Amino acid sequence: MIILTRLVRKFRTLWSLDVESRWLLLQTFLLLPSVALSLKFWGLRFTQAILVKLFPTPASPPPDHSHRLITTTRMVQLATKYCQPWANCLKKSLVLWSLLRAQGIDGQLRIGVRQDTQKFEAHAWVEWQDFILGDRQDVRKQFAMFDRPIDISSL
């Protein structure tokens, strides 16, 4: 009975979202496993090239960047809570980057690395005008970034 109650509550929450948020959430749920599989079989460059083709940047950016940035980031974060096997930082960042791109928002996919005791770690995130989206704002202090964002001009 508890499971059913939780399910009904989550369903109500989903339907209380506006149409734009529901659409972004649905796209995220579909994209996360697709991106995960593409990365596994074809790698980052191919996956990003496919996403560029699937989500071309519109000719004119939206007038209200802040609302779209917040809504898109929130929906990607919400979906990643329920798609854990498919949602590491790179997959989540690629999905967020793609959805922003489709709305005319030029986010940048960033990757950083660090050596922690005896463990090498890498992390991916999205930035828009030097503001970090959907991640800790101190992520640049935690990871040494590559000099420039992942280049898509040659894709």
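Residues numbered from 1 in each chain as written. Predicted model: local features only at pLDDT ≥ 70, side-chain atom pairs only at ≥ 80, totals over all residues. Heavy atoms only, no water.

**Description of the packing of helix 2 (residues 19-54) against helix 4 (residues 89-102)**
Between helix 2 and helix 4, the shortest axis-to-axis distance is 8 Å and the interhelical angle comes to 110 degrees. Our classification of the angle between helix 2 and helix 4 gives roughly perpendicular. For the contact of helix 2 with helix 4, the per-class residue count stands at 14 nonpolar, 5 polar and 3 charged. (Axes fitted to C-alpha atoms, helices over the stretch in contact; angles between N-to-C directions. Helix = DSSP H or I, 4+ residues; strand = E, 2+ residues; numbered from the N terminus. Parallel < 35°, antiparallel > 145°, perpendicular 65-115°, else oblique. Nonpolar A, V, L, I, M, F, W, Y, C, P; charged D, E, K, R; others polar.)

**With respect to the confidence of the model for the protein chain**
Summary statistics for the protein chain give a mean pLDDT of 87 and a share of 96% for residues scoring 70 or more. No element of the protein chain has a lower mean pLDDT than helix 1 (residues 2-16), at 76, and none a higher one than helix 4, at 96. (pLDDT = per-residue confidence, 0-100.)

**Observations regarding helix 3 (residues 65-82)**
With 18 residues, helix 3 should reach 26 Å at 1.5 Å per residue; the first-to-last C-alpha distance of 26 Å fits that figure. By the burial criterion, the buried members of helix 3 are Leu69, Thr71, Thr72, Thr73, Met75, Val76, Ala79 and Thr80. Close packing links the buried residues of helix 3 with helix 2, helix 4, strand 2 (119-128) and strand 3 (131-133). (Expected span 1.5 Å × (residues − 1). Buried < 20%, exposed > 50% of the residue type's maximum accessible area, 1.4 Å probe, protein only. Contact = heavy atoms within 4.5 Å.)

**Here's the deal with the pattern of salt bridges**
Taken as a whole and assessed by the stated rule, the structure comprises 5 salt bridges. Among the ionic pairs, Glu127 bridges to Arg140, the shortest N-O distance being 3.0 Å. On the criterion of sequence distance, the pair formed by Glu127 in strand 2 and Arg140 in helix 5 (residues 139-142) is long-range, its members being 13 residues apart. Residues joined by salt bridges that share partners form a network here, namely Asp135, Arg136 and Asp138. (Salt bridge = Lys/Arg side-chain N within 4 Å of Asp/Glu carboxyl O.)

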